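# Breakdown of the fold
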Amino acid sequence: MMTRITSRQRLFPAFAVVAFLLITSWMTAATTAGRYVSNLSTGCLRCLCHASTACNATIGCSRGYCGPYYLYREYWRDAGQVVLPDDDPDRDQAFVDCAVDPACAQKAVENYMAKYGRDCNNDGVTDCDDYARTHFNGKEDCSAIDRTNFWRRYETCRPSKNRGSFN
C-alpha cells in the first residue's frame, strides 16, 4: 500500500531546517556580537574598578569623572549610553546615575571594551593589561601607563603568573 504525501508534509521538513538555521545563526550572533569579550572576566573588571577608585561606590563625581570605574561622559556615550532600568539616556542625569551604580557602570565598561578593546602592548593577546590601558587612556590611546597611580593599583590585583587568566 502506497502512502500519499501531501504538500504540507513535504514543506514541514524544509520549514524545520530553515527555522533551525535561523535560530542557530541568531544564537551565534548573540554570543559573538553580544556582550561577551574574550579575557574580560569578572576578575579583570574588579581589577579595573580597583585601579580606578579602589571600587569606591560612594565616590560620586569629581571633575567630570564619576563612580567606581571613574567614567566620563564621552566614555559612557561610546559605550552605548547604558542606563539604569526605565531610565532615558537623553535625561541630563542619566550618565551620572549609571556611572555611580556599580552594575550599570560595569555594563558600560563591558560595552566599551567590546567596542574598543585591542592588543595595546602587542604581545599577541588582548588581555586585562590591554583593557586597563584602554580604560585609562580611552579608545584612541593605547600607550603605556606604567608610571601612573592607576597602574600601580592595577598591579596589586592582577595575577603575577598566568597573565591574562583572571577568575
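Structure first, text after, so check above.
Attention here is on the structure that accompanies the text. Quick caveat, the model's predicted, so the values are computed rather than measured. (Residues numbered from 1 in each chain as written. Predicted model: local features only at pLDDT ≥ 70, side-chain atom pairs only at ≥ 80, totals over all residues. Heavy atoms only, no water.)

### Notes on the environment of H50
Take H50: it is sitting in helix 2 (residues 42-53). Along the sequence, H50 and R153 sit 103 residues apart, while their C-alpha atoms lie 6.9 Å from each other. With sequence-adjacent residues up to four places away left out, H50 is seen in contact with C55, R153, T156 and C157. A polar side-chain atom of H50 sits 3.2 Å from a polar atom in the side chain of T156. (Helix = DSSP H or I, 4+ residues; strand = E, 2+ residues; numbered from the N terminus. Contact = heavy atoms within 4.5 Å. Polar contact = N/O pair within 3.5 Å; in protein donor to acceptor, adjacent residues only side chain to side chain.)

### Examining the environment of S41
Assignment of secondary structure puts S41 in the loop between helix 1 (7-32) and helix 2. Between the alpha carbons of S41 and D127 there is a distance of 9.5 Å; along the sequence they are 86 residues apart.

### Let's talk about the side chain of H135
Tracing the chain through its elements places H135 in helix 6 (residues 128-137). Residue class for H135 comes out buried when judged on its relative accessible area of 6%. A polar atom in the side chain of H135 sits 3.0 Å from the backbone oxygen of Y69. A polar side-chain atom of H135 sits 2.8 Å from a polar atom in the side chain of Y75. (Buried < 20%, exposed > 50% of the residue type's maximum accessible area, 1.4 Å probe, protein only.)

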